[in-house]
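# Observations on the model geometry
The primary structure of each chain is shown beneath.
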Amino acid sequence: MTGDITETKQCQLKDPMDLFHSGQVVKICAPMVRYSKLAFRTLVRKYGCDLCYTPMIVAADFVRSAKARDNEFTTNKGDHPLIVQFAAKEAQVLCDAARIVCPFADGIDLNCGCPQRWAMAEGYGACLINKPELVRDMVRHVRNQIDNPRFSVSIKIRIHEDLKRTVDLCQKAEATGVSWITVHGRSVEERHQPVHYDAIKIIKQSMSIPIVANGDIKTLKDAENVHHLTGADGIMAARGLLANPAMFAGYEETPLKCIQDWVDIALEHGTPFTCFHHHLMYMMERITSKQEKKVFNVLSSTSAVLDYLKDHYGV
């Protein structure tokens, strides 16, 4: 856990719950494996993103290994409000992980939505939507053991084929003191099928805590439409933000200024080349020709990428 982490303790952490009570739709950067790290969070915050999540971290590894903590979690004093997302299946392990990040973050999120086979085989992610008592137990434990009443505890879920089961899960979590729930509007089996925004609307109408809608939000217009369709209090984007980190600021495609900002931020943070390059490949997807992609996507060093951007885009 590097960066200006000691200063973070002293600085006034922004309370995510204040965002949900602001009367505005909260714009959120999703937890994305490899991608929603500090440098990218810094970028999207410049372009209208209100709240950011870390990538999913396996709580047991995080608690057990200092190396895992340093690799998985980096922050600084500008990186707020920040939610650390954990994969966990034991209440005490989740509590221990929450206690470690509590001085440096504004809340934790329990992943109950990851549909990847490895996660479900380990008892993590989306298999938890079928264990409402365990979810309730984990939330209750964190609530009881973290002294800071402003520290949020949220969950991110997928929906069941039988929506009554999802509503029951959400109501049990709400009764235990969960701060808000993010709903990815697909079942565990669904990947690229249309998102069930009607299901998110029903969940929203059944709850009194904030609900965040997630799934297929690629533009600010999409975010507004989904808000109107579902009544959700927040909108979470993943791939839409990867393709256009300035999406929440209303840009239809990544502006050159945003690419310049990414270069500056990534170099300043010492971002590994592969990550630096991948982000640019996503950002430039819509603004480069097939021929340009062929050249750009096989560049193999930071200096080659910088030369390319300077020659072709004046960045």
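This is a predicted model, so every value here is computed, not measured. (Residues numbered from 1 in each chain as written. Predicted model: local features only at pLDDT ≥ 70, side-chain atom pairs only at ≥ 80, totals over all residues. Heavy atoms only, no water.)

### Considering helix α13 (residues 256-269)
Given a rise of 1.5 Å per residue, 14 residues ought to cover 20 Å, and the 20 Å separating the end C-alpha atoms of α13 matches this to within 8%. Among the residues of α13, Cys 258, Ile 259, Asp 261, Trp 262, Val 263, Ile 265 and Ala 266 are the ones counted as buried. Lining the buried residues of α13 we find α3 (38-46), α14 (273-284) and α16 (302-313). Positive backbone phi, approximately 65°, marks Gly 270, located one or two places after α13. (Helix = DSSP H or I, 4+ residues; strand = E, 2+ residues; numbered from the N terminus. Expected span 1.5 Å × (residues − 1). Buried < 20%, exposed > 50% of the residue type's maximum accessible area, 1.4 Å probe, protein only. Contact = heavy atoms within 4.5 Å.)

### Quick word on the UniProt feature "active site" (unreviewed entry) in the chain
UniProt feature "active site" (unreviewed entry): in the numbering of this structure it lies at Cys 114. By the element assignment, Cys 114 lies in the loop between β5 (107-112) and α7 (117-121). Every residue in contact with Cys 114, bar those within four places of it in the chain, is listed here: Met 56, Ala 119, Met 120, Gly 125 and Ala 126. (UniProt positions renumbered as here; feature names shortened; annotations may be inferred.)

### A word on the pairing of strand β7 (residues 181-184)
Where a strand is regular, its side chains alternate between the two sheet faces. Covered by surrounding structure in β7 are Ile 181 and Val 183 together with Thr 182 and His 184, the residues of both alternating faces. Looking at chain direction, strand β6 (residues 152-158) and β7 are connected through four bridges and run parallel. Pairing of Ile 155 across the sheet is with Ile 181, part of β7. You can see the chain leave β6, run along helix α9 (residues 163-176) and come back into β7, and the turn it takes is right-handed. The pairing of β7 with strand β8 (residues 211-214) spans four bridges and is parallel. Across the sheet, the residue bridging to Ile 181 is Ile 211, located in β8. Handedness of the crossover joining β7 and β8 through helix α10 (residues 197-205): right-handed. (Pairing = 2+ DSSP bridges. Right-handed = clockwise from strand over helix to strand, strands pointing away.)

### Some thoughts on the domain arrangement of the chain
Each assigned domain of the chain is listed with its residue range as follows: domain 1 (16-249) and domain 2 (256-313). Across the contact, 16 residues belong to domain 1 and 13 residues belong to domain 2. Summed over both sides, the interface between domain 1 and domain 2 buries roughly 1300 Å², with carbon and sulfur atoms accounting for 66% of that surface. One salt bridge in this structure joins Lys 46 and Asp 261, with 3.8 Å as the shortest N-O distance. Where domain 1 touches domain 2, the interface holds four residue pairs in polar contact (both at pLDDT 80 or more). Counting only elements with at least two residues in the side of domain 1 that touches domain 2, the list comes to α3 and α12 (239-243). Each residue belonging to the side of domain 1 that touches domain 2 can be placed in one class, and the counts come to ten nonpolar, three polar and three charged. (Domains from an automatic or database assignment. Buried area = accessible area lost by both parts, 1.4 Å probe. Salt bridge = Lys/Arg side-chain N within 4 Å of Asp/Glu carboxyl O. Polar contact = N/O pair within 3.5 Å; in protein donor to acceptor, adjacent residues only side chain to side chain. Nonpolar A, V, L, I, M, F, W, Y, C, P; charged D, E, K, R; others polar.)

### Examining the packing of α13 against α14
Between α13 and α14, the least distance of the axes is 11 Å, while the angle of their chain directions is 170°. Relative to α14, the element α13 is oriented roughly antiparallel. Mapping the contact onto sequence places Ile 259, Trp 262, Val 263 and Ala 266 in α13 and Cys 275, Phe 276, His 279, Leu 280, Met 283 and Met 284 in α14. A breakdown of the residues in the contact of α13 with α14 according to their chemical character gives nine nonpolar, one polar and no charged. (Axes fitted to C-alpha atoms, helices over the stretch in contact; angles between N-to-C directions. Parallel < 35°, antiparallel > 145°, perpendicular 65-115°, else oblique.)

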